[in-house]
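# Structural description and commentary
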Amino acid sequence: MKKSTPTLTQTLKSIAKFATAASILTASLNVFAEPVEIKFSHVVAENTPKGQMALKFKELIEQRLPGEYVVNVFPNSQLFGDNNELAALLLNDVQFVAPSLSKFERYTKKLQIFDLPFLFEDMDAVDRFQQSKSGQKLLNAMNRKGVVGLGYLHNGMKQFSANDPLNVPKDANGKKFRIMASDVIAAQFDAVGAIPVKKPFSEVFTLLQTRAIDGQENTWSNTYSMKFYEVQSHITESNHGVLDYMVVTSNTFWKGLPADKRAVFKSSLDEAIALGNKIAAEKGNEDKQAILDSNRSQLVTLTPEARQQWVNAMKPVWAKFEDQIGKDMIDAAQAANTK
């Protein structure tokens, strides 16, 4: 007896049943699938703009992609220090980091622009430059090295601190200052006869406390959260530079995300960075006042004449790095000082 050949309708019904069963199986597997772990490592305290930004990013990702990703944030160099977090990123040991812009020197010389002393008048000028065509172009400066720039995070303008008052450049002569691993910042201190000492951020408090170094440069936020003001008798309000960060990931991780998930990651990060920048603006004034109220450090306010001496002493550093950074970039940054 011949077997009957399935009709088209019967075949389509069979395919539909198979598809339904496959969908149910996939859904069941997804229910039991472990969420993908995302590690966000940074070197500062949780109550800083960077710390709050990272926690907001965690909140948004876990809210918008529930059960799919879990973001674990590691502050205070718990996972990696500021000298090895980028290497860890490229090895996929961590998926997001937000180093200070100085830390990218080995990957591109272009970002040295943010270390040039007295280039930006204030944080508004910094923001105008970063959001400009030139500033956005710099986010892509490390793509060939496998590093993807996703956004700029503010901390604030830098101030000098030391165990003696720094009123004019000659006051820094012979003193040891901790610096990040930046040729520009080293040249900045060389210009005033100081001794730059490259050390990790996590070691700064102990170095100051033991008088292994005489001073450092940092924002009000970092100086307060890391308690540097407790072991430095004077802080000079110089506003001589900017300490900002770039939130980055690896090209491998970023391209490995499905396009729809990548869009959620980027929008969540943009929102988190906006919050971090808002906190940075507020904390600058709050933390400065908290330091003054503590009576542990004395504020040194520069006269216009004294500040100009610092500018005159350090501005030649621009010419030294102009070829590496690009004169067009420096001109664009200067133009951002004009509203």
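Here's a quick rundown of the structure. (Residues numbered from 1 in each chain as written. Predicted model: local features only at pLDDT ≥ 70, side-chain atom pairs only at ≥ 80, totals over all residues. Heavy atoms only, no water.)

Okay, the overall build of the protein next. The secondary structure content of the protein amounts to 13 helices and nine strands. With the C-alpha coordinates of the protein rotated into their principal frame, the extents come out at 110 × 40 × 35 Å. Among the 339 residues that make up the protein, the fraction classed as buried is 50%. The long-range share in the protein, meaning contacts at least 24 apart out of those at least 6 apart in sequence, stands at 75%. A total of about 16,200 Å² of accessible surface is found on the protein, and carbon and sulfur atoms cover 52% of it. Separation between the mean location of the 40 positive side-chain charges and that of the 37 negative ones in the protein comes to 8 Å. (Helix = DSSP H or I, 4+ residues; strand = E, 2+ residues; numbered from the N terminus. Buried < 20%, exposed > 50% of the residue type's maximum accessible area, 1.4 Å probe, protein only. Contact = heavy atoms within 4.5 Å. Areas by Shrake-Rupley, 256 points an atom, 1.4 Å probe, with all protein chains shown as cover. Lys, Arg positive; Asp, Glu negative; His and termini not counted. Charge placed at Lys NZ, Arg CZ, Asp CG, Glu CD.)

Moving on to the packing of helix α12 (residues 316-325) against helix α13 (residues 327-335). Here α12 crosses α13 at 115°, and the two axes come no closer than 7 Å. In this structure, α12 contributes Trp-318, Glu-322 and Ile-325 to the contact, and α13 contributes Lys-327, Met-329, Ile-330 and Gln-334. For the contact of α12 with α13, the per-class residue count stands at four nonpolar, one polar and two charged. (Axes fitted to C-alpha atoms, helices over the stretch in contact; angles between N-to-C directions. Nonpolar A, V, L, I, M, F, W, Y, C, P; charged D, E, K, R; others polar.)

Turning our attention to the packing of aromatic side chains. A full pass over the atoms with the stated rule returns 17 aromatic pairs. Between the aromatic rings of Phe-201 and Phe-228, the centroid separation amounts to 5.9 Å while the plane-to-plane angle is 75°, which identifies the pairing as edge-to-face. Here the residue Phe-201 occupies a position in the loop between β6 (195-198) and α7 (204-209), and Phe-228 occupies one in the loop between α8 (220-225) and β8 (234-250), the gap between them amounting to 27 residues. Across the pair, Phe-228 and Phe-201 agree in class, each one buried. (Phe/Tyr/Trp six-rings, centres within 6.5 Å; stacked < 30°, edge-to-face > 60°.)

Turning to the nonpolar core, a few remarks are in order. Residues Phe-40, Met-53, Phe-57, Phe-96, Val-247, Phe-265 and Trp-310 are the most contacted members of the largest nonpolar core, which totals 55 residues. Core analysis: the second largest hydrophobic core is formed by 38 residues, Met-123, Ala-125, Val-147 and Tyr-152 among them. (Core = buried A, V, L, I, M, F, W, Y, C linked by side-chain atoms within 4.5 Å.)

On to the pattern of salt bridges. Here the structure, examined in full by the defined rule, presents 14 salt bridges. With a shortest N-O distance of 2.8 Å, Lys-288 and Glu-237 are connected by a salt bridge. Of this pair, Lys-288 sits in helix α10 (residues 259-294) while Glu-237 is found in strand β8, placing the two residues 51 residues apart along the sequence. Notably, a salt bridge pairs Asp-287 with Lys-283, separated by 3.3 Å at the nearest N-O pair. Highlighted residues: Asp-287 and Lys-283, both in helix α10, separated by four residues, approximately one helical turn. Through salt bridges with shared partners, a single ionic network connects Asp-82, Lys-103 and Arg-178. (Salt bridge = Lys/Arg side-chain N within 4 Å of Asp/Glu carboxyl O.)

Right, let's talk about the pairing of β8 for a bit. Of all 17 residues that make up β8, 15 are buried, and the element is covered over most of its length. Pairing geometry for strand β4 (residues 147-162) and β8, over 13 bridges, is antiparallel. For Ala-162, the partnering residue across the bridge sits in β8 and is His-234. Summarising the sheet, β8 and strand β9 (residues 298-301) pair through four bridges and their orientation is parallel. (Pairing = 2+ DSSP bridges.)

Residues Met-329, Ile-330 and Ala-333 constitute the buried set of α13. An end-on view of α13 places all buried positions within 100° of arc, on one side of the element. Each element contacted by the buried residues of α13 is listed here: α4 (123-131), α5 (133-137) and α12. (Arc of directions from axis to C-beta.)

Once that is clear, we can look at the side chain of Arg-178. Here Arg-178 lies in strand β5 (residues 176-179). At 2.8 Å, the side chain of Arg-178 forms a polar contact with the backbone oxygen of Lys-199. Those residues in contact with Arg-178, other than ones at most four positions away along the chain, are Asp-82, Val-197, Lys-199, Pro-200, Phe-201, Val-204, Ile-213, Gly-215, Gln-216 and Glu-217. (Polar contact = N/O pair within 3.5 Å; in protein donor to acceptor, adjacent residues only side chain to side chain.)

Below, the discussion takes up the packing of helix α2 (residues 49-64) against α10. Relative to each other, α2 and α10 sit at 150°, their axes nearing to 8 Å. With respect to α10, the element α2 is oriented roughly antiparallel. The two elements α2 and α10 cross, and the hand of that crossing is right-handed. Grouping the amino acids of the contact of α2 with α10 by side-chain chemistry returns 13 nonpolar, four polar and four charged. (Parallel < 35°, antiparallel > 145°, perpendicular 65-115°, else oblique. Left-handed = near helix turned anticlockwise from the far one by under 90°.)

The residue Gly-174 is located in the loop between β4 and β5 in this model. Each C-alpha atom of the pair Gly-174 and Asp-214 lies 9.5 Å from the other, and the pair is 40 residues apart in sequence. If we skip the residues at most four places from it in the chain, Gly-174 touches Gly-193, Ala-194 and Ile-195.

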